[in-house]
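Descriptive structure summary
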Amino acid sequence: MLGKDRTYREFNDDDDHNEEMQSPDFFRDVLEDGEERIESVSPEDEAQDITPSKRVSKACLKNVFTVVLIFIYLLLTTVAAFLAYQTISDFLDKLNHPVMSVTYKEVDAFSPPGIALYPGNARLLSCRHHYHDHIPPLVDPGKPQEGDCVIKEVTYYGLFTNRTKKKALVVQGPSDVRNKELIFMQFSQNETEEDFSAITYMLFAKFSDLDISLNKSKFMRDCERNYSTWTFSGGFRTWVKMSLVMTSGKSDQSVEFRQESAVVKFNDKRPEPERSNQLFFAVFEWRDPFIQEIQLIVTANPWSSAAILCGVFMALFKAANFAKLTVQWIIRMRKRHLRNKARQQGIIN
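Residues numbered from 1 in each chain as written. Predicted model: local features only at pLDDT ≥ 70, side-chain atom pairs only at ≥ 80, totals over all residues. Heavy atoms only, no water.

1. What about the overall build of the protein?
The line we're drawing: Helix and strand definitions here come from DSSP, where helices need a minimum of 4 consecutive H or I residues and strands a minimum of 2 consecutive E residues; each element is numbered from the N-terminal end. Between buried and exposed lies partly exposed: a residue is buried under 20% and exposed over 50% of the maximum accessible area for its type, with that area taken using a 1.4 Å probe on protein chains only. Should any heavy atoms of two residues lie within 4.5 Å, those residues are counted as being in contact. Per-residue accessibility takes into account occlusion by the displayed protein chains alone, with areas from the Shrake-Rupley method and a 1.4 Å probe.
In terms of regular secondary structure, the protein is built from five helices and eleven strands. By residue count, 26% of the 349 residues in the protein fall in the buried class. Considering only residue pairs separated by 6 or more positions, the protein has 78% of its internal contacts joining residues 24 or more positions apart. With an accessible surface of roughly 24200 Å², the protein has 56% of that area assigned to carbon and sulfur atoms.

2. Some points on the nonpolar core
The cut-off we apply is this: The definition of a nonpolar core used throughout is a set of buried Ala, Val, Leu, Ile, Met, Phe, Trp, Tyr and Cys residues joined through side-chain atoms within 4.5 Å.
Met220 and Phe284 are the most contacted members of the largest nonpolar core, which totals 40 residues. For Met220, the residues in contact, after removing those within four places along its chain, are Ala116, Tyr118, Val154, Tyr156, Ala168, Val170, Met202 and Leu210. Judged by nonpolar contacts, the second largest core, of eight residues, contains Leu125, Phe184, Phe266 and Phe281.

3. Brief notes about the environment of Pro289
One can find Pro289 in strand S11 (residues 278-297). The class for Pro289 is buried, based on a relative accessible area of 16%. The spatial distance from the C-alpha of Pro289 to the C-alpha of Lys105 is 8.2 Å, given a sequence separation of 184 residues. Ignoring sequence-local partners within four residues, the contact set of Pro289 consists of Lys105, Glu106, Val107, Phe110, Val177 and Arg178.

4. Regarding helix H5 (residues 302-348)
Where we set the bar: Helix span, expected: 1.5 Å multiplied by one less than the number of residues in the helix.
Compared with an ideal rise of 1.5 Å per residue, which puts 47 residues at 69 Å, H5 spans 68 Å between its outermost C-alpha atoms and is within 8% of the ideal. All of the buried residues in H5 are Ser305, Leu309, Val312, Ala319, Ala323, Thr326 and Met333.

5. Considerations on the pattern of salt bridges
Rules: Salt bridges are defined by distance alone: a side-chain nitrogen of Lys or Arg within 4 Å of a carboxyl oxygen of Asp or Glu.
Tallied over the full model, the rule gives eleven salt bridges. Here Asp211 makes a salt bridge to Lys152, at a shortest N to O gap of 3.5 Å. Taken together, the residues span a long stretch of sequence, with Asp211 in helix H3 (residues 207-212) and Lys152 in strand S4 (residues 151-157) at a distance of 59 residues. Here Glu153 ties to Lys167 by a salt bridge, and the two come within 3.5 Å at their closest N and O atoms. On the criterion of sequence distance, the pair formed by Glu153 in strand S4 and Lys167 in strand S5 (residues 165-172) is long-range, its members being 14 residues apart. Connected through shared salt-bridge partners, Glu106, Asp108 and Arg178 make up one network.

6. Looking at the packing of aromatic side chains
Defined as follows: Each Phe, Tyr or Trp ring, with Trp reduced to its six-membered ring, pairs with another whose centre is within 6.5 Å; inter-plane angles below 30 degrees give stacked pairs, above 60 give edge-to-face pairs, and intermediate values give tilted ones.
Evaluation of the coordinates by the stated rule reveals nine aromatic pairs. Measuring from centroid to centroid gives 5.3 Å for Tyr201 and Phe284, while their planes differ by 80 degrees, and the two rings are edge-to-face. Of the two residues, Tyr201 sits in strand S7 (residues 198-204) while Phe284 sits in strand S11, which places them 83 residues apart along the sequence. Assigned by exposure class, Tyr201 and Phe284 land together as buried. Arranged with centres 4.8 Å apart and planes meeting at 50 degrees, the rings of Phe266 and Phe281 form a pair that is tilted. Placement of Phe266 in the loop between strand S10 (253-265) and S11 and of Phe281 in strand S11 is noted, with a sequence separation of 15 residues between them. Residue class for Phe266 comes out buried when judged on its relative accessible area of 15%. Phe281 sits in the buried class, given a relative accessible area of 2%. Every member of this aromatic cluster is reached through a ring pair, and the members are Phe187, Tyr201, Trp230, Phe232 and Phe284.

7. Topic: the sheet that holds S4
For the record, the criterion: Strand pairing requires that DSSP identify at least two bridges connecting the strands. As a rule, the C-alpha atoms of each element are fitted with a line to give its axis, helices using only the stretch in contact, and angles between N-to-C directions run from 0 to 180 degrees.
The antiparallel open sheet is built from five strands, whose spatial order is S4-S5-S2-S7-S8. Single-partner strands in this sheet number two, and they are S4 and strand S8 (229-233). For this sheet, the mean inter-axis angle between neighbouring strands, taken without regard to orientation, is 30 degrees. Note that strand S2 (residues 114-118) and S5 share four bridges and pair antiparallel. When the sheet's bridge partners are listed, Gly114 is paired in S5 with Gln172. Here helix H4 (residues 216-226) sits on the sheet and contacts S2, S4, S5 and S7; the angle it forms with S4, its principal contact strand, is near 85 degrees.

8. A short note on the environment of Phe266
Measuring from C-alpha to C-alpha, the distance between Phe266 and Gly235 comes to 5.5 Å, with 31 residues separating the pair along the chain. Beyond its immediate stretch of four places on either side in the chain, Phe266 contacts Leu138, Pro141, Gly235, Phe236, Leu279 and Phe281.

9. Concerning a nonpolar patch on the surface
Definition in use: Only residues whose relative accessible area exceeds 30% and that form no salt bridge are eligible for patches; like-charged ones are grouped when within 9 Å, while nonpolar side chains (Val, Leu, Ile, Met, Phe, Trp, Tyr) are grouped when within 5 Å.
A surface patch of nonpolar side chains, about 830 Å² in accessible area, is lined by Val64, Val68, Phe71, Ile72, Leu75, Leu76, Val79, Phe82 and Leu83. Mapped onto the elements, Val64 comes out in helix H2 (residues 24-96). For Val64, a relative accessible area of 46% translates into the label partly exposed.

10. Here's the deal with H4
What counts, and what does not: Arc, as used here, means the arc of the directions from the helix axis to the C-beta atoms.
If you check which residues of H4 are buried, you get Phe219, Met220, Cys223 and Glu224. Here the buried residues of H4 occupy an arc of 140 degrees about the axis, which is enough to place them on one side. Exposed and facing more than 90 degrees away from the buried side of H4 are Arg225 and Asn226. On its buried face, H4 is in contact with S2, S4, S5, S7 and H3.

Remember, this is a structural readout, not a statement about activity or role.
Dropping the structure here:
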């Protein structure tokens with residue numbers, strides 16, 4: 001009986017177990033348990049699979065961005081340095097090469113200039129004032145005649161020939177430009193052994209400067225240093241038309257004469273014996289009633305250049321600060337990357 005009861009009980013247990021497995025609730029529970037296991041495991045596994053790739057892509061982008069920032073910094077630094085060099089170069093160039101401003105001042109009369117003549121062996125025959133570009137016909141050319149010019153004779157040692165004395169005849173030049181005042185001079189010279197015969201002359205600003213000068217020799221040497229000399233030849237009438245140019249610099253003022261000359265051959269009608277004396281004719285006249293004034297203007301503005309340089313140096317400072325922050329950021333990102341890498345290795349271990 002006992003054996004039958006045990007056998008019957010085991011059989012019933014097997015039947016109950018089979019009934020449970022065959023019931024629909026049993027399979028539903030199994031499926032739900034499996035889904036719970038899948039849901040509980042899959043997000044972590046997926047995060048572990050996806051996170052390394054994301055970290056690699058972010059690190060690559062950060063490296064590229066860092067390189068771009070460094071390139072921009074170098075570009076800004078180069079542009080700022082070039083602007084600073086260009087600004088300084090332009091300022092120095094404008095400072096050393098001022099711009100000329102030319103104006104014309106109209107006058108009714110000029111201050112009588114000084115006409116210094118170096119006749120050498122020649123002799124002054126006549127010197128007269130005429131007006132309105134009219135010179136009367138010559139009367140007894142080659143012979144001394146009356147004149148109305150103011151003439152001073154100065155003897156001094158030359159500027160470049162200290163041992164040689166020079167004799168200068170300084171004539172007061174014309175002043176009435178409106179009435180076309182001119183001075184007509186005639187010189188005579190005997191035949192010499194020289195191949196060419198000419199008389200040298202020099203123009204300076206004011207004849208009155210010679211009158212008030214206490215040391216006329218020094219005054220004439222200074223004129224030789226500051227003014228140019230010209231010549232007119234024998235056997236011709238040289239007509240000189242003068243113009244005055246005044247140049248104003250940074251601290252001084254200079255006066256320069258410019259001239260236009262026309263040469264006409266002299267038809268010598270004297271008897272043959274008298275032609276041995278060569279004649280020189282010179283006419284001095286103002287060209288027009290204008291004084292050309294040239295003013296040297298320095299266009300370099302130190303304030304604008306300083307402002308540009310301040311802006312350039314400020315840009316350089318900002319770029320240097322930006323580079324410093326960039327380097328600090330790179331170091332910080334590198335340390336973070338090493339910490340994350342060490343943490344991942346620790347987790348794997």
